[in-house]
Amino acid sequence: MGKRGARLGLSRVDVQVCIIVAVVVALSFLCVYAFNYSVTYREMIETLRERSDSIEGYVDDALDTATFTGIDAAEDMEDESYRTMKEAFKAVRESTGVRYLYTAKRDDEGGFVYVVDGLPHESEDFREPGAPIEEEIVPDMERALAGEVVYPADIKDTGWGYVFVTYYPVHEGDEVVGVLGIEFDAQRQYDTFSIVRVGTPV
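In this text, all values refer to a predicted model and were calculated from it rather than measured experimentally.

Undergrad: Any chance you could break down the packing of aromatic side chains for me, citing the residues and the numbers?
TA: Under the defined criterion, the tally for this structure stands at four aromatic pairs. With a centroid separation of 6.4 Å and an interplanar angle of 85 degrees, the aromatic rings of Y151 and Y168 are classed as edge-to-face. Here Y151, found in the loop between α5 (138–145) and β3 (156–158), pairs with Y168, found in strand β4 (residues 161–172); they are 17 residues apart in sequence, far enough to count as distant. Accessibility expressed as a relative area gives 24% for Y151, which makes it partly exposed. With a centroid separation of 5.7 Å and 40 degrees between ring planes, the pair formed by F164 and F184 is classed as tilted. Of the two residues, F164 is situated in strand β4 and F184 in strand β5 (residues 175–185); the sequence distance between them amounts to 20 residues.

Undergrad: Explain the pairing of strand β2 (residues 112–117) to me, and be specific about the residues and the numbers.
TA: Side-chain direction in a regular strand flips from residue to residue, so the side chains alternate between the two faces of the sheet. With respect to burial, β2 is a largely interior element, six of its six residues being buried. Between the end of strand β1 (residues 98–106) and the start of β2, which pair antiparallel, lie five residues, with G110 showing a positive phi angle near 95 degrees.

Undergrad: Outline the confidence of the model for the protein chain, listing residues and values.
TA: Of the residues in the protein chain, 70% reach a pLDDT of 70 or more, and the chain-wide mean stands at 77. When pLDDT is averaged over each element of the protein chain, β2 comes out on top at 95 and helix α1 (residues 3–7) at the bottom at 48. Scored below 50 in pLDDT, residues 1–8 makes five contacts in the model with residues more than four places away or belonging to other chains. For the stretch residues 198–202, pLDDT sits under 50, and the model shows eight contacts to residues farther than four places along the chain or on other chains.

Undergrad: Requested: an account of helix α4 (residues 80–96), with residues and values cited.
TA: Between the first and last C-alpha of α4 there are 24 Å, a value that for 17 residues agrees with the 24 Å anticipated at 1.5 Å per step. Within the sequence span of α4, burial applies to Y82, M85, K86, F89, V92, R93 and T96. Summarising the axial view, the buried residues of α4 lie within an arc of 125 degrees, below the 170-degree limit, and thus occupy one face. Opposite the buried face of α4, by more than 90 degrees, sit the exposed residues E94 and S95. Regarding α4, its N-cap is D79, as a side-chain oxygen of that residue lies 2.8 Å from the backbone nitrogen of S81 further along. Once α4 ends, the next one or two residues include G97, with phi positive near 80 degrees.

Undergrad: Explain the side chain of D117 residue by residue, including any values.
TA: Tracing the chain through its elements places D117 in strand β2. Among buried Asp, Glu, Lys and Arg side chains, D117 stands out as unpaired, with K86 the closest opposite charge at 4.8 Å. At 3.0 Å, the side chain of D117 and the side chain of Y100 are in polar contact. At 2.8 Å, the side chain of D117 forms a polar contact with the backbone nitrogen of L119. Setting aside residues no more than four positions away along its own chain, D117 makes contact with Y82, K86, Y100, L101, Y102, D125, F126 and R127.

Analysis parameters
Residues numbered from 1 in each chain as written. Predicted model: local features only at pLDDT ≥ 70, side-chain atom pairs only at ≥ 80, totals over all residues. Heavy atoms only, no water. Phe/Tyr/Trp six-rings, centres within 6.5 Å; stacked < 30°, edge-to-face > 60°. Helix = DSSP H or I, 4+ residues; strand = E, 2+ residues; numbered from the N terminus. Buried < 20%, exposed > 50% of the residue type's maximum accessible area, 1.4 Å probe, protein only. Pairing = 2+ DSSP bridges. pLDDT = per-residue confidence, 0-100. Contact = heavy atoms within 4.5 Å. Expected span 1.5 Å × (residues − 1). Arc of directions from axis to C-beta. Polar contact = N/O pair within 3.5 Å; in protein donor to acceptor, adjacent residues only side chain to side chain. Lys, Arg positive; Asp, Glu negative; His and termini not counted. Salt bridge = Lys/Arg side-chain N within 4 Å of Asp/Glu carboxyl O.

The following block contains the structure:
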């Protein structure tokens, strides 16, 4: 038995029991922390999914899929139906805080191209109809074109903050004719999650 244990009147067994109890308490705390972390993160992701779904509902109402399938090149931006959809996308972006809102489809060669891009024409990131989709998002486009709603497993950490990106199939009747991409700022949700997780903002 150590001198401290002797001064406190503790036997060797008492000291061992105290150590075991301390270890059990520490492990229990870690388990509870890990569980709360998991639940909180899942709840945050579920909230972001619900927000994305509600935005998709607005966009779906604004999409003229009959015109959508016929938009192939920059000159189609002069079409009245294109301009109407573009204005609808702009209204959704401005009212919901969406960072990026766009549609895509397969072209005649089988690649994915932009159709209606919700960014302003003067934006550096604006893409005209027929512009190729970036290769890194093609796998998610493939899944959405197969009829799946593609949610991210995590918030994406980009150079300009945390974002949540979802891809939805665009239907014309029973047929999937394209993909809708929705990207919105998730910085506030991630900051709130970080406060709940560690008690202080990141």
